[in-house]
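What follows is the residue order along each chain.
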Amino acid sequence: MNTDALDVIRADRVLSVVRAPEIPDPAALADALARSGIRALELTFTTPGVLGYLRAAAATEAAVLGVGTVLTADQAEAAIDNGARFLVTPGLRPVVAAVATRRGIPVVMGAFTPSEVLTALDLGAAAVKIFPARALGPGYLKDLHGPFPDVALIPSGGVNAGNAAEFLANGAVAVTAGTDVVSPSDVAAGRWSDIATRAASFVRSMN
């Protein structure tokens with residue numbers, strides 16, 4: 001798939017974040033999510049051996065793979081070299097933004113306050129991850145869209161099937177589906193059909 005990663009995230013209005021100690025079949029996981037309507041999949045550097053999982057998942061043509069919890073320039077380079085189509089940071093990381101810009105890969109940069117959102121934009125973020133979104137809830141997205149009407153905001157942390165639609169209604173360009181959809185225990189056990197069912201339910205909840 002050659003579609004730009006941010007275009008896919010905007011179209012689906014959701015990306016999945018996988019935090020698991022191991023991923024026995026990354027391609028099966030990516031396929032289960034993509035078939036259920038969540039094509040963008042963020043693996044993270046909190047998973048040991050994530051780059052190997054990234055390479056394995058890249059075999060799933062329907063999925064768009066990215067890497068999150070990127071903290072250093074070396075991690076950014078390694079993620080891109082191993083097939084990452086987008087990068088995600090938990091906070092403001094100028095060194096990561098510099099690599100992403102040089103390599104032509106979009107970065108979704110973590111921020112919370114208006115000043116941090118501005119800094120993320122100055123660093124070249126393609127979208128801004130508002131984290132932790134649970135702290136102030138969906139209304140905070142609406143407040144941020146006052147001064148930042150054209151900024152792509154993606155809430156993360158505390159987003160679930162019960163509030164995803166409200167975050168979107170308040171201006172989020174997309175939301176993150178985390179452990180409510182992709183639980184570490186289900187990943188470790190290879191329960192791909194269960195993950196697919198929850199992913200499809202989450203997608204339906206957004207409408």
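Residues numbered from 1 in each chain as written. Predicted model: local features only at pLDDT ≥ 70, side-chain atom pairs only at ≥ 80, totals over all residues. Heavy atoms only, no water.

K.L.:
So what's going on with helix H2 (residues 26-35)? Residues and values would help.
P.N.:
The complete set of buried residues in H2 reads Pro26, Leu29, Ala30, Ala32, Leu33 and Ala34. Contacts made by the buried residues of H2 are with strand S1 (14-18), strand S2 (40-44), helix H3 (50-57) and helix H10 (192-205). Where H2 terminates, the next one or two residues include Gly37, which has phi positive at roughly 105°. (Buried < 20%, exposed > 50% of the residue type's maximum accessible area, 1.4 Å probe, protein only. Helix = DSSP H or I, 4+ residues; strand = E, 2+ residues; numbered from the N terminus. Contact = heavy atoms within 4.5 Å.)

K.L.:
Which residues make up the packing of aromatic side chains, and what values go with them?
P.N.:
All chains considered together, the criterion is met by one aromatic pair. When the centroid spacing of 5.2 Å and the interplanar angle of 35° are considered together, the rings of Phe112 and Tyr140 count as tilted. With Phe112 in the loop between strand S5 (107-111) and helix H6 (114-122) and Tyr140 in helix H7 (residues 138-144), this residue pair connects regions lying 28 residues apart in the sequence. On the basis of relative accessible area, Tyr140 is assigned to the buried category, the value being 13%. Stacked on the ring of Phe131, the Lys or Arg Lys129 has its end atom at 5.4 Å from the ring centre. (Phe/Tyr/Trp six-rings, centres within 6.5 Å; stacked < 30°, edge-to-face > 60°. Lys NZ or Arg CZ within 6 Å of the ring centre and 35° of its normal.)

K.L.:
Explain the pattern of salt bridges residue by residue, including any values.
P.N.:
Summed over all chains, the structure comprises seven salt bridges. Residues Glu77 and Arg102 are paired through a salt bridge, measuring 2.1 Å at the closest nitrogen-oxygen approach. One end of the pair, Glu77, is in helix H4 (residues 73-81); the other, Arg102, is in helix H5 (residues 94-103), and 25 residues separate them in sequence. With its nearest N and O atoms 2.5 Å apart, the salt bridge here joins Arg191 to Asp186. With a relative accessible area of 35%, Arg191 lands in the partly exposed category. Where salt bridges share partners, they join Glu77, Asp81, Arg102 and Arg103 into one cluster. (Salt bridge = Lys/Arg side-chain N within 4 Å of Asp/Glu carboxyl O.)

K.L.:
Please provide a residue-by-residue account of the side chain of Asn82, values included.
P.N.:
Relative to the elements of secondary structure, Asn82 occurs in the loop between H4 and strand S4 (86-89). Judged by its relative accessible area of 17%, Asn82 falls in the buried class. Ignoring anything within four residues of it in the chain, the contact list for Asn82 reads Leu51, Leu54 and Arg55.

K.L.:
Go over the sheet that holds strand S3 (residues 64-68) with me, naming the residues and quoting the values.
P.N.:
Strands sit in the order S7-S6-S5-S4-S3-S2-S1-S8 across an open sheet of eight strands; the sheet is parallel. Only two strands of the sheet have a single partner each, and these edge strands are strand S7 (153-155) and strand S8 (175-177). Recorded for the sheet is a direction-independent mean angle of 30° between the axes of neighbouring strands. Relative to S7, strand S6 (residues 127-130) runs parallel, the two being bridged by three bridges. If you follow Lys129 over to S7, its bridge partner there is Ile154. Sheet strands touched by helix H1 (residues 5-12): S1, S2, S3, S4, S6 and S7. Its angle to S1, the strand with the most contacts, is close to 110°. (Pairing = 2+ DSSP bridges. Axes fitted to C-alpha atoms, helices over the stretch in contact; angles between N-to-C directions.)

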